[in-house]
Amino acid sequence: MAKYSKVLYDYIGRTYERKNLYLKEVALLQDKIREGSPKEKESLKTQLKELISKKNDHPYLKELKEYHHKEKRFLEDLKKKSAQHQASLEKGLSKDVVHLERLLFESKAKMEFYKEYTGLTYDAEYFYKEASIHQKLIPNIIYNIKKLEEDLRKAEKYHGEENKEAIGREIARFKSEQNAVYEKRLSELKEKRKEGVISEKALKNGKKELKKNYQYAVRVKEYEDPDKMKRELIKSKKFELKDYTKVQKRVLNADVADARRNTPSETMKTAPIHTVAGALIPGLGQLLNKQPVKAALFFLGLIFVYVVAIPYALGYGNYQGEGIAGLISLAEGARRIDKSLIFMIEGIVAIVFLLFAAGIMVANFRDVYGVEKGVMKGIREKNWFETTQTIEEDGFPYLVSIPALIVISFIVLVPIFTAILLSFTGMDPKNQSKFPWVGIQNYKLIALGEGLAGSVFWQIFGWTIIWTLTSTTLAIFIGFGLALLANNPRIKGKGILRMIYLLPWAVPAFITIMFFSIMFSTQGALTEVVQNVFGVAIDFKNSTFWSRFILVMLQGWLGSSYVFLLSTGVLQAIPEDLYEAADIDGANTWQKIRRITLPMVLFQTAPLLVNQYTFNFNNFSIIYLFNGGGPFNPTKYGNLAGSSDILISYIYKLTMDNQYQAIGASISIAISLGLMVFAFIGFKNSKAFKEERL
């Protein structure tokens, strides 16, 4: 037999003695059995079995059963009397007053009925407390609502006896006078501006202030119009009535909720029956737990699970695919018009739907189990008012996050999982419409450098590493050096220097890249300058070395502005006291840079500098715009890449130009994992991360 506790608990863990004497006796015997000697245990177990076998004859349970019968008859009778009372109320009362009058009538009867049984059961005690709260608060609420409604009716019936025409003329005259004052003061302000007494900004602010004062004075005067006064009065009274009713209902519900929290409940149940019953049917458990509004919300989840998620996963409602089965088959044996990629995407969407469905089922299980477990301990289930309070206080992060999670799932996670799964398929120029699963074959081709696409991978990867390290490091050195120069107190014209240094960032990068691409072309201006000055004809864009060299220099210049801006902000925040102390200690310029400037700049900017490396690793635009990845050397790189291509531009050519989507996806996943590891190591080893600033 399941064990009962001798005491009950409320929501904050306070203990209460059981009023159910049968359960109290059972709990006491169970405790004695646990603590007694072997000989005593046998005797106690016999007593316990006898007590359970004669359960229906227990005096307390008989009295409790009689109470429930009386309560049922009382509530049925009260329902009829309450309806009669409502019918007897004077006509013309608002819905709120009628509802409160009926509640007041019922609470009076409930107080009289439940008062007799407060010592018998905690349920009767709670209902008595609830009725007492209603009797205490509702009369005053009804009185004030009636008073506010009467004030509203008076406002609606108000008819001013004033001469509207005379008042209209007075308002018009006042407007004219105020307008004349406004124009006069405005002219005075403009005259002062002409004389140079005030600035342009002061003139502008003065105009705003004059106009604001004029509009305020006119608005106040217009309230003397009887019609407008009546409209505003009605509006004010309606708001006052609505706000008072809303606040008082909330106060009433809060007091009742407090009584619920402080009054335990008793149940004979020792197993989570409702949890089991509602495990596969969201909403049923909440309904059994007497939480109908929450049940309605979970029933919406039930509809999603059994009408949307599961049917879609089985293939119903798919555009072409067969749900999860289509993800496995990839349209093998399907119609000619069916495409493997669509089958894959719809299979992934089906999995996402199932994950959401699983989340709903888990939330349903946890909610029902938590409530039922609390009830078995003595904690009453929350009513809808308490539930909304909990959502407002603790559920806001979830309410905000859930819509974002749904959006992210479809615009971020689905494409990512599609790319991951695509890397294990054989989608290539010969298999575009339908393609099979090939396992890790694509990764094997890349790792071993085999096949048409994999043979040049390691060469391009090596150049990508060199490009990333050299171009980013150069940009950091240039940016930091320029920041030191611009923040040197002996340098004049710092504002102009800063503006020049920020030009690479201010001007769109593609314009700068295209400009230098044209300048370094065969007939370009810079090519001709080099030829005329040095007497050497260099075809920069058809030379692997020079193309790569120019790309590194160009990215170093383009990326320097960002580093310059970061470093400038940090340099200006370094206290001068540190440099003064270093001067006193006899430190030279290099020592101050190495011991003070560099550590402080790196402490603040290291995480962002790590991002610069990862950005340049995938910097597609400069490679593509400058020379299209060229020059091209088919004997070394085949027809899939050029000698200045980095991995990201190589992937673009593989997928967009040559239709090797599967291998392109494999390379994308590989470099993504590599960059994540690199970024993690970079962040982890930064001083800011170690000191828990990140």
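Residues numbered from 1 in each chain as written. Predicted model: local features only at pLDDT ≥ 70, side-chain atom pairs only at ≥ 80, totals over all residues. Heavy atoms only, no water.

**Notes on the overall build of the protein chain**
And then number 1: Looking only at helices and strands, the protein chain features 30 helices and two strands.
And then number 2: Expected size for 694 residues packed as a compact globule is a radius of gyration near 26 Å; at 40 Å, the protein chain overshoots this value by more than 25%.
And then number 3: Counting only residues that meet the buried cut, the protein chain has 38% of its 694 residues in that class.
And then number 4: Summarising the internal contacts of the protein chain: among those between residues at least 6 apart in sequence, 69% fall at separations of at least 24.
And then number 5: Element-wise, carbon and sulfur atoms account for 62% of the exposed surface of the protein chain, whose accessible area totals about 40,700 Å².
And then number 6: The protein chain carries 94 positive and 72 negative side-chain charges, and their two centres are separated by 2 Å. (Helix = DSSP H or I, 4+ residues; strand = E, 2+ residues; numbered from the N terminus. Rg over C-alpha atoms; globule rule 2.2 N^0.38 Å. Buried < 20%, exposed > 50% of the residue type's maximum accessible area, 1.4 Å probe, protein only. Contact = heavy atoms within 4.5 Å. Areas by Shrake-Rupley, 256 points an atom, 1.4 Å probe, with all protein chains shown as cover. Lys, Arg positive; Asp, Glu negative; His and termini not counted. Charge placed at Lys NZ, Arg CZ, Asp CG, Glu CD.)

**Section: the pattern of salt bridges**
And then number 1: By the definition in use, this model includes 29 salt bridges.
And then number 2: Notably, a salt bridge pairs K54 with E50, separated by 3.3 Å at the nearest N-O pair.
And then number 3: Among the residues examined, K54 registers a relative accessible area of 45% and is labelled partly exposed.
And then number 4: For E50, a relative accessible area of 42% translates into the label partly exposed. (Salt bridge = Lys/Arg side-chain N within 4 Å of Asp/Glu carboxyl O.)

**A word on the packing of helix α4 (residues 95–114) against helix α5 (residues 122–157)**
And then number 1: Following both chains from N to C, one finds α4 and α5 inclined at 150°, their axes separated by 8 Å at the closest point. Considering the angle they form, α4 stands roughly antiparallel to α5. In terms of crossing hand, the pair formed by α4 and α5 is left-handed.
And then number 2: Classifying every residue of the contact of α4 with α5 by side-chain character gives 15 nonpolar, four polar and five charged. (Axes fitted to C-alpha atoms, helices over the stretch in contact; angles between N-to-C directions. Parallel < 35°, antiparallel > 145°, perpendicular 65-115°, else oblique. Left-handed = near helix turned anticlockwise from the far one by under 90°. Nonpolar A, V, L, I, M, F, W, Y, C, P; charged D, E, K, R; others polar.)

**Concerning the layout of surface pockets**
And then number 1: Space inside the largest pocket adds up to approximately 1,800 Å³.
And then number 2: F298, A363, D367, Y398 and I402 are, among the 43 residues lining the largest pocket, the residues nearest its centre.
And then number 3: The set of elements that each furnish at least two residues to the lining of the largest pocket consists of α11 (292–313), α13 (340–377), α14 (384–394) and α15 (396–422).
And then number 4: At 14 residues, α13 tops the list of elements feeding residues into the lining of the largest pocket.
And then number 5: Within the lining of the largest pocket, the residues separate by chemical class into 25 nonpolar, ten polar and eight charged.
And then number 6: Space inside the second largest pocket adds up to approximately 1,100 Å³.
And then number 7: Forming the walls of the second largest pocket are 39 residues, and the residues nearest its centre are F127, R260, K290, R380 and E381.
And then number 8: Only α3 (59–88), α4, α5, α8 (226–261) and α13 provide two or more residues apiece to the lining of the second largest pocket.
And then number 9: When residues of the lining of the second largest pocket are assigned to their parent elements, the largest contribution, seven residues, is made by α3.
And then number 10: Across the lining of the second largest pocket, the residue classes break down as 16 nonpolar, eleven polar and twelve charged. (1 Å grid on protein atoms, 1.4 Å probe; cavity = no way out; pocket = protein on both sides within 12 Å on 5 of 7 lines; lining within 4 Å. Points joined across faces, edges and corners; volume = space filled by probe spheres on them.)

**Describing the packing of helix α23 (residues 544–573) against helix α25 (residues 589–617)**
And then number 1: With their axes 10 Å apart at the nearest point, α23 and α25 run at an angle of 150° to one another. Judged by the twist between their axes, the crossing of α23 over α25 is right-handed. Touching Q555, G559, Y562, V563, L566, S567, V570 and L571 of α23 are T597, M600, V601, Q604, T605, L608, L609, Q612 and N616, all from α25.

**Describing the packing of aromatic side chains**
And then number 1: For the structure on display, the rule yields 32 aromatic pairs.
And then number 2: Their ring planes at 80° and their centres at 6.4 Å tell us that Y16 and Y122 sit as a pair that is edge-to-face. Here Y16 is found in strand β2 (residues 15–17), whereas its partner Y122 is found in helix α5, with 106 residues between them in sequence.
And then number 3: Where F113 meets Y114, the ring centres are 5.0 Å apart and the plane angle is 80°; that geometry is what we call edge-to-face. Side by side, F113 and Y114 carry an identical accessibility label, which is buried.
And then number 4: Site record: aromatic cluster; members linked through ring pairs are Y67, F74, F113, Y114, Y117, Y126 and F127.
And then number 5: The lysine or arginine in question, K19, covers the ring of Y122, its NZ or CZ lying 4.5 Å from the ring centre.
And then number 6: One residue, K221, lies across the ring of F174, its end atom 5.3 Å from the ring centre. (Phe/Tyr/Trp six-rings, centres within 6.5 Å; stacked < 30°, edge-to-face > 60°. Lys NZ or Arg CZ within 6 Å of the ring centre and 35° of its normal.)

**Overview of α3**
And then number 1: The end-to-end C-alpha distance of α3 is 43 Å, a good match for the 44 Å that 30 residues give at a rise of 1.5 Å each.
And then number 2: For α3, the complete set of buried residues consists of Y60, L61, L64, Y67, E71, F74, L78 and S82. (Expected span 1.5 Å × (residues − 1).)

**A closer look at the side chain of T418**
And then number 1: Within the secondary structure, T418 sits in helix α15.
And then number 2: On the basis of relative accessible area, T418 is assigned to the buried category, the value being 11%.
And then number 3: Filtering out sequence-adjacent residues up to four positions away, T418 remains in contact with L341, M344, I345 and I348.

**Here we look at the environment of A506**
And then number 1: Relative to the helices and strands, A506 resides in helix α20 (residues 503–506).
And then number 2: When its relative accessible area of 60% is taken as the criterion, A506 is described as exposed.

**Some words on unusual backbone geometry**
And then number 1: With an omega of 5°, the peptide bond between G630 and P631 qualifies as cis.
And then number 2: Considering the arrangement of structural elements, one finds P631 in the loop between α26 (620–627) and α27 (634–637).
And then number 3: Unlike most non-glycine residues, K290 shows phi in positive territory, near 65°.
And then number 4: You can see K290 is positioned in the loop between α10 (284–288) and α11.
And then number 5: Taking relative accessible area as the criterion, K290 reaches 64% and is therefore assigned exposed.
And then number 6: For A331, which is not glycine, the phi dihedral falls at a positive 65°.
And then number 7: Among the structural elements, A331 can be located in the loop between α12 (324–329) and α13.

**Thoughts on the environment of Y143**
And then number 1: Inspection of the secondary structure puts Y143 in helix α5.
And then number 2: A residue is classified by how much of its surface remains accessible, and Y143, at 53% relative accessible area, is exposed.
And then number 3: C-alpha of Y143 to C-alpha of V97: the two residues are 46 residues apart in sequence and 9.1 Å apart in space.

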